[in-house]
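Each chain is listed here by its residues.
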Amino acid sequence: MKFIRIGVDLAKNYFQIHALSSEDAPAVKRKLTRRTMREFFSRIEPCRVGMEACGSAHYWARELKDMGHDVSLMPPAYTKPYVKRGKNDAVDAEAICEAVSRPAMRFVPIKSADQQATLMLHKTRELLVKQRTMSVNALRGHLAEFGLVVAKGTGRVDELLGLAEGDATLPDAAVLAAKVLGQQIDALGGALDDLEREIAKAHALSETSRSLGEIPGVGKLVASVITASVPDPSVFNSGRDFAAWLGLTPRQISSGGKPTLGTITKAGNRYIRKLLVLGATSLLNVVEKRRGGLRDWIVGLLAKKPARLVTVALANKLARIIWAMMKTGECFRTEMFAKL
């Protein structure tokens, strides 16, 4: 069989395809299982295959590319306008088949298994950080009900547990609960250390990640997650497009030739945006100990704008620097933010 293009609506166990042998020919519509999915694409000649960038999309993209097919992934929001009335798997597959043929469609680069593994490390770390924060807050809140209070911070947990064990008036049930929470916090801390060591290994193995790590405010975490998330920086036309993808640009509501910029959208990749804002915050604390063009830009902006606004603006600038370095392969110019 020969097709010009195929739209695939992915799911966990069943996959709907919408295949066209020509623009005027009737479409071939089939529902496939995981096993018959491979059998179907192995029997047909290589063709254009479109899929939404959703769960398991990168895996199936790699599988079909190994069979010789030209696979394109698209953001689900960009295929939605092509959905006709109603909502089912067949209609979605038809919309995907139509969307992949559009010349102005934006596509998502296919990630390798190693890149997905690195992102899995980051997502797992983020989950464990939240769980540790919840456990610490629970411990502090419970013991505060018994008058046991220490300064804030994860590093004060041992001090708080010591107070709980040494308080003779504290009921045994409360001591046991505090001990369980303490063990949970210790276990999460050890797991986080293991994950961060593995992330550091992935960072060291990537030349691009090591290069990005030289940027002030961009450490191993930011460098490795961006390298894994953006296999091909050329999908963005400019650094501003990359910053907009991260959600670091103002919302634009323009009409009638009148440009109007609103607040920061907070759309896009929340995890990377958060890390960049945290890195930018750390730079504001040491800006007086630096010299160079980036330092002068920060100081000039601080003279006119609030510190929190400057932090987001600096995160935007860091994103643009990151994109430029990934696009050109150039190293960071250390004289832009050198130590005094």
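Residues numbered from 1 in each chain as written. Predicted model: local features only at pLDDT ≥ 70, side-chain atom pairs only at ≥ 80, totals over all residues. Heavy atoms only, no water.

Student: Hey, could you run me through helix α5 (residues 113–144) in this one?
Tutor: Between the first and last C-alpha of α5 there are 46 Å, a value that for 32 residues agrees with the 46 Å anticipated at 1.5 Å per step. Turning to α5, its buried residues number three or more, namely Gln-115, Thr-118, Leu-119, Leu-121, His-122, Arg-125, Glu-126, Leu-128, Ser-135, Val-136, Leu-139 and Leu-143. Against the buried residues of α5 lie α6 (157–166), α7 (172–205), α9 (220–229) and α11 (270–286). (Helix = DSSP H or I, 4+ residues; strand = E, 2+ residues; numbered from the N terminus. Expected span 1.5 Å × (residues − 1). Buried < 20%, exposed > 50% of the residue type's maximum accessible area, 1.4 Å probe, protein only. Contact = heavy atoms within 4.5 Å.)

Student: What is the right way to look at the pairing of strand β4 (residues 48–52) in this model?
Tutor: Looking down a regular strand, the side chains alternate between one sheet face and the other. Buried residues dominate β4, accounting for four of its five residues. Summarising the sheet, β4 and strand β5 (residues 70–74) pair through five bridges and their orientation is parallel. Its bridge partner lying in β5, Arg-48 is registered against Asp-70. For the handedness criterion, the β-α-β arrangement of β4, helix α2 (residues 57–66) and β5 is classed as right-handed. (Pairing = 2+ DSSP bridges. Right-handed = clockwise from strand over helix to strand, strands pointing away.)

Student: Whenever I open this one, the packing of α11 against helix α13 (residues 307–328) confuses me. Can you help?
Tutor: Packed helices, taken two at a time, are described by the angle between their axes plus the distance between the axes. Closest axis-to-axis distance for the α11/α13 pair is 8 Å, and the angle between their directions is 115 degrees. The angle between α11 and α13 falls in the class roughly perpendicular. The element α11 and its partner α13 pack so that their crossing is right-handed. The residues of α13 that touch α11, namely those facing Leu-276, Val-277, Ala-280, Thr-281, Leu-283 and Leu-284, are Ala-307, Arg-308, Val-310, Thr-311, Leu-314, Ala-315, Leu-318, Ala-319 and Ile-322. Across the contact of α11 with α13, the residue classes break down as 12 nonpolar, two polar and one charged. (Axes fitted to C-alpha atoms, helices over the stretch in contact; angles between N-to-C directions. Parallel < 35°, antiparallel > 145°, perpendicular 65-115°, else oblique. Left-handed = near helix turned anticlockwise from the far one by under 90°. Nonpolar A, V, L, I, M, F, W, Y, C, P; charged D, E, K, R; others polar.)

Student: Just checking my understanding: could you explain the side chain of Lys-111 for this structure?
Tutor: Following the sequence through the fold, Lys-111 ends up in the loop between α4 (89–99) and α5. Although Lys-111 lies buried, it forms no salt bridge, and the closest oppositely charged side chain, Asp-232, sits 12 Å away as judged by the N-O distance. Ignoring sequence-local partners within four residues, the contact set of Lys-111 consists of His-58, Arg-62, Gln-116, Leu-119, Ala-228, Ser-229 and Pro-231. (Lys, Arg positive; Asp, Glu negative; His and termini not counted. Salt bridge = Lys/Arg side-chain N within 4 Å of Asp/Glu carboxyl O.)

Student: How do you make sense of the sheet that holds strand β3 (residues 28–33) when you look at a structure like this?
Tutor: Strands in a sheet are paired, the pairing made by backbone hydrogen bonds, and the direction either parallel or antiparallel. Pairing is mixed in the open sheet, where five strands are placed in the order β3-β2-β1-β4-β5. In this open sheet, the two strands that pair with only one neighbour each are β3 and β5. Each neighbouring strand pair of the sheet contributes to a mean axis angle of 25 degrees, computed without reference to strand direction. Where helix α1 (residues 34–43) meets the sheet, its contacts fall on β1 (5–9), β2 (14–20), β3 and β4, and the angle it forms with β3 comes to roughly 135 degrees.

Fair warning: the whole summary comes from geometry, so function is off the table for now.
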